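Chain by chain, the residues:
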Amino acid sequence: MKLLWKFNSAFPEAQAKEGEVRLAGSKTSSEGRVEIYHDGTWGTVCDDGWDLAEAQVVCRQLRFLGAKSAVNGGTYGEGSGPIWLDEVNCNGTESDLSTCVFKDWAVTDCTHKEDAGVVCKSSGFDTGYMLDHSLALSEELGQVFDSGDGCDFQIVVQSTTGNKQLDGTLETVQTTICAHKMILSRFPLFNTSEENTISVHVSLSCQPYFTSFIRYIYTRKADVTFSSAQCLHQMASKFGVKQLMEDTGRLFSKFLPQDVTFHTPVSLYEYSVETGDFLLKENCLQYMAWNYQNLTQSPAWSHLSVKLLGALLSRSDLVVSDEYFLLVSLEEWISQRGNLISLESQADLLKLIRFPMIPAEKLYELQFNSTLYNAHQDVYGSNILKAFQFNVLLFSTLKNNPVFKKDEDDYQARIYTATPWAATIDRSAVKQSSGSQSRRNYPAINYGYDYRYNYRYTTVSPYRHLRQKSFSTPVHNSLIFKTNVIQWEANIFMSQSDCSNRGVRCESFPTARLTAQNSLRQYQSSIRFSNQLLLRCQGKYICQVQDFKNDLSHISTNGSQGLPYPCPDGQYDYQFVVIPNYI
């Protein structure tokens, strides 16, 4: 039972103005999907780079006190119409969202699954009060199902065992569940029969979980294990129980890292393709892309389908040491499969390699070292030529070449972790330094005055240097910039004093910082840095990849915003990756 009081004044709806924002997709006025009015049409905002600074601007524009949180990933449902804004970058002090920096109106590569949202701080004048007894209702409906009282709908659950009977037919095992037609009526497949009986066929391994599935429809609660998750997901998909399907799909994130053989991610990907579950498919692809090098060393590697490998090679969030490693691993995979892969499919996969990103010295060696060069001379020849042009021609010359398309993936760097593009601060350094500071209760640098001896002193934490690393990279992957070097400093801040000592303000801890030590101004017109922070769980698998905003990256944890793939005890190696691309 819910009682809801709202105190509003009713005014006629006025015509929206250019740049006006509103919240949609929520029953509460202080939170929802962000929509903005432009060119006579309401549209949404992509969540790329969306964080608290942007949320603050939206909430103040709507006359709230401020923002509680920025919400990503279509939490408030998918909007419709144009996606007006992408990669929004606010300082947090702007009066209107449209005055923040963004690509341009309607310039985006997002879908409505990435619609951004906010939760605002309510002023108190539009507050809802709720009495929510839904938990008791769930328990009571569960008791109704368990007792079977008043049930009027028979569900016959059938499974074949695979054993042949004397008459040659397969042996069938069945159970009968008595349910209530009114409660099941929301789901059309239970209404296909005018009778009060329906037969359902499920696999023998999933039959034990069908009762739990029906009980979920009553209670909206279910205990899910690794063994039952795929069965419940399959049943939810078949009968259109969308919430259960989505939630079990998210649970797979917890299971993916547990299987070092990678059979689980691969089988779940194949299953997601069969069922058309986009979220599960993306979840599996993302995990395998982030952990591609582990995948190449797993038992599942040689059995990947052409479709799955092609989907991985198409991604820019593929984490590898360098592009040459990617080519070598692909050549080895093709060689292992032999005649099972057609020459056409081999060529299609090779074309997904970003040859311009391969170091120039490796490009020259390909014609001598590649195991597939002779079989695919056209593919290698044209791509090596394109790569050498990329390495020896200035961007101003290259972009005027009609063959060159700057938006092609071939010219976009992936996430390369080899020297010189990456540096790592390992978990032992962070754990040691943060633990020692908490015991001694002093910041990284502490200034003071000792009146007994009349002198100033400075106390420097002996562990501070463990959470800092300096390294250098070329300005760009192109050989032209080999001698144009940028010095970078990487830090992990564990306290506000760490941040204050560097002149920055951190919203949460730990916070990572990656900053150039020399000016990038001369390159801003042609090169953009899309640097990334990788969290490697216990040195085993990558559980998070996130970007930097104003040189800072606030690190999610198991207990805060949640990691895509959980990490026991939050023990991470922090890997800083520099990614330059032509604009």
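A quick note: this is a predicted structure, and the numbers were derived from the prediction, not measured. (Residues numbered from 1 in each chain as written. Predicted model: local features only at pLDDT ≥ 70, side-chain atom pairs only at ≥ 80, totals over all residues. Heavy atoms only, no water.)

Another aspect to go through is the overall build of the protein chain. Looking only at helices and strands, one finds 17 helices and 25 strands in the protein chain. Considering only intrachain contacts with a sequence separation of at least 6, the fraction spanning at least 24 residues in the protein chain is 68%. In the form shown here, the protein chain has an accessible surface area of approximately 30,100 Å², with 50% of it arising from carbon and sulfur atoms. (Helix = DSSP H or I, 4+ residues; strand = E, 2+ residues; numbered from the N terminus. Contact = heavy atoms within 4.5 Å. Areas by Shrake-Rupley, 256 points an atom, 1.4 Å probe, with all protein chains shown as cover.)

Let us look at helix α11 (residues 323–337). Along an α-helix, a turn takes 3.6 residues, which lines up residues three or four apart on a common side. Between the first and last C-alpha of α11 there are 21 Å, a value that for 15 residues agrees with the 21 Å anticipated at 1.5 Å per step. Within α11, the full set of buried residues consists of E323, Y324, L326, L327, S329, L330, E331, W333, I334 and R337. Capping the start of α11, D322 holds a side-chain oxygen 3.2 Å from the backbone nitrogen of Y324, two or three residues further along. Downstream of α11 by a residue or two, G338 has a phi angle that is positive, lying close to 60°. (Expected span 1.5 Å × (residues − 1). Buried < 20%, exposed > 50% of the residue type's maximum accessible area, 1.4 Å probe, protein only. Polar contact = N/O pair within 3.5 Å; in protein donor to acceptor, adjacent residues only side chain to side chain.)

This part takes up the packing of helix α2 (residues 134–147) against helix α4 (residues 210–219). The geometry of a pair of packed helices is captured by two quantities: the angle between their axes and the separation between those axes. Interhelical geometry of α2 versus α4 gives an angle of 140° and a closest axis separation of 8 Å. Put simply, α2 runs oblique to α4. Judged by the twist between their axes, the crossing of α2 over α4 is right-handed. Across the interface between the two elements, S138, L141, G142, Q143, F145 and D146 from α2 touch T211, I214, R215, Y218 and T219 from α4. Across the contact of α2 with α4, the residue classes tally to four nonpolar, five polar and two charged. (Axes fitted to C-alpha atoms, helices over the stretch in contact; angles between N-to-C directions. Parallel < 35°, antiparallel > 145°, perpendicular 65-115°, else oblique. Left-handed = near helix turned anticlockwise from the far one by under 90°. Nonpolar A, V, L, I, M, F, W, Y, C, P; charged D, E, K, R; others polar.)

The next point concerns the pairing of strand β9 (residues 153–164). Both faces of the sheet carry side chains from a regular strand, because those side chains alternate between them. In this structure, β9 lies alongside strand β10 (residues 170–179), joined through nine bridges in antiparallel fashion. Residue pairing in the sheet places K164 in a bridge with L170 of β10. The hairpin formed by β9 and β10 contains five residues between the paired strands, and G168 there has a positive phi angle of roughly 90°. Relative to strand β11 (residues 197–201), β9 is paired through five bridges, and the arrangement is parallel. (Pairing = 2+ DSSP bridges.)

Using the criterion set out here, one finds 18 salt bridges in the structure. Salt bridges linked by common partners bring R22, R33 and E35 together as one network. (Salt bridge = Lys/Arg side-chain N within 4 Å of Asp/Glu carboxyl O.)

As a further point, take unusual backbone geometry. A cis amide bond links T419 with the next residue in sequence, P420, at an omega value of 15°. Structurally, P420 is set in the loop between β13 (415–416) and β14 (422–425). Positive phi, close to 60°, is recorded for R220, a residue that is not glycine. Summarising the element assignment, R220 is placed in the loop between α4 and α5 (226–239). Judged by relative accessible area, R220 falls into the partly exposed class, the value being 41%. For Q538, which is not glycine, the phi torsion reads 50° and is therefore positive. On the secondary structure map, Q538 appears in the loop between β21 (532–537) and β22 (541–547).

What follows concerns the side chain of R337. Examined against the element boundaries, R337 turns out to sit in helix α11. Despite being buried, R337 has no salt bridge partner; E270 is the closest side chain of opposite charge, sitting 9.1 Å away. Only 2.7 Å separates the side chain of R337 from the backbone oxygen of L304, close enough to count as a polar contact. When sequence neighbours within four positions are dropped, the list of residues in contact with R337 reads S302, H303 and L304. (Lys, Arg positive; Asp, Glu negative; His and termini not counted.)

Taken in spatial order, the three strands line up as β10-β9-β11 in an open sheet, and their pairing is mixed. With partners counted over all chains shown, the strands left at the sheet margins are β10 and β11, one partner each. Mean inter-strand twist for the sheet, computed between neighbouring axes without regard to direction, equals 25°. Contacts between α4 and the sheet are confined to β9, β10 and β11, with β10 contributing the most and set at about 25° to the helix.

End to end, α5 covers 21 Å across 14 residues, agreeing with the expected 20 Å (1.5 Å per residue, within 8%). Those residues of α5 lying buried are S228, A229, C231, L232, H233, M235, A236 and F239. Of the surrounding elements, those touching the buried residues of α5 are β11, α4, α6 (242–255), α7 (263–275) and α8 (278–290). Where α5 terminates, the next one or two residues include G240, which has phi positive at roughly 75°.

Let us now look at the sheet that holds β22. Read from one edge of the open sheet, four strands run β14-β24-β21-β22, paired in antiparallel fashion. At either end of the open sheet lies a strand with only one pairing partner, and these are β14 and β22. Mean inter-strand twist for the sheet, computed between neighbouring axes without regard to direction, equals 25°. One ladder, built from four bridges, connects β14 with strand β24 (residues 572–577); its direction is antiparallel. Residue pairing in the sheet places A423 in a bridge with F576 of β24.

Another aspect to go through is the state of the cysteines. Within the structure shown, the criterion is met by seven disulfides. With a sulfur-sulfur separation of 2.0 Å, C59 is cross-linked through a disulfide to C120. As the torsion about the S-S bond is roughly -85°, the C59-C120 disulfide counts as left-handed. Here the residue C59 occupies a position in helix α1 (residues 52–61), and C120 occupies one in strand β7 (residues 117–121), the gap between them amounting to 61 residues. The class of C59 is buried, set by a relative accessible area of 0%. Here C537 pairs with C567 through a disulfide, and the sulfurs are 2.2 Å apart. (Disulfide = S-S within 2.5 Å.)

What follows concerns the packing of aromatic side chains. Tallied over the full model, the rule gives 23 aromatic pairs. When the centroid spacing of 5.7 Å and the interplanar angle of 85° are considered together, the rings of Y292 and W301 count as edge-to-face. We note that Y292, like W301, is buried. Centroid distance F548 to F576: 6.1 Å. Interplanar angle 25°. Geometry classified as stacked. (Phe/Tyr/Trp six-rings, centres within 6.5 Å; stacked < 30°, edge-to-face > 60°.)

Residue-level pLDDT values for the protein chain average 86, and 88% of them are 70 or greater. Note on residues 436–461: pLDDT under 50 across the span, and 38 contacts to partners over four residues away in sequence or across chains. (pLDDT = per-residue confidence, 0-100.)

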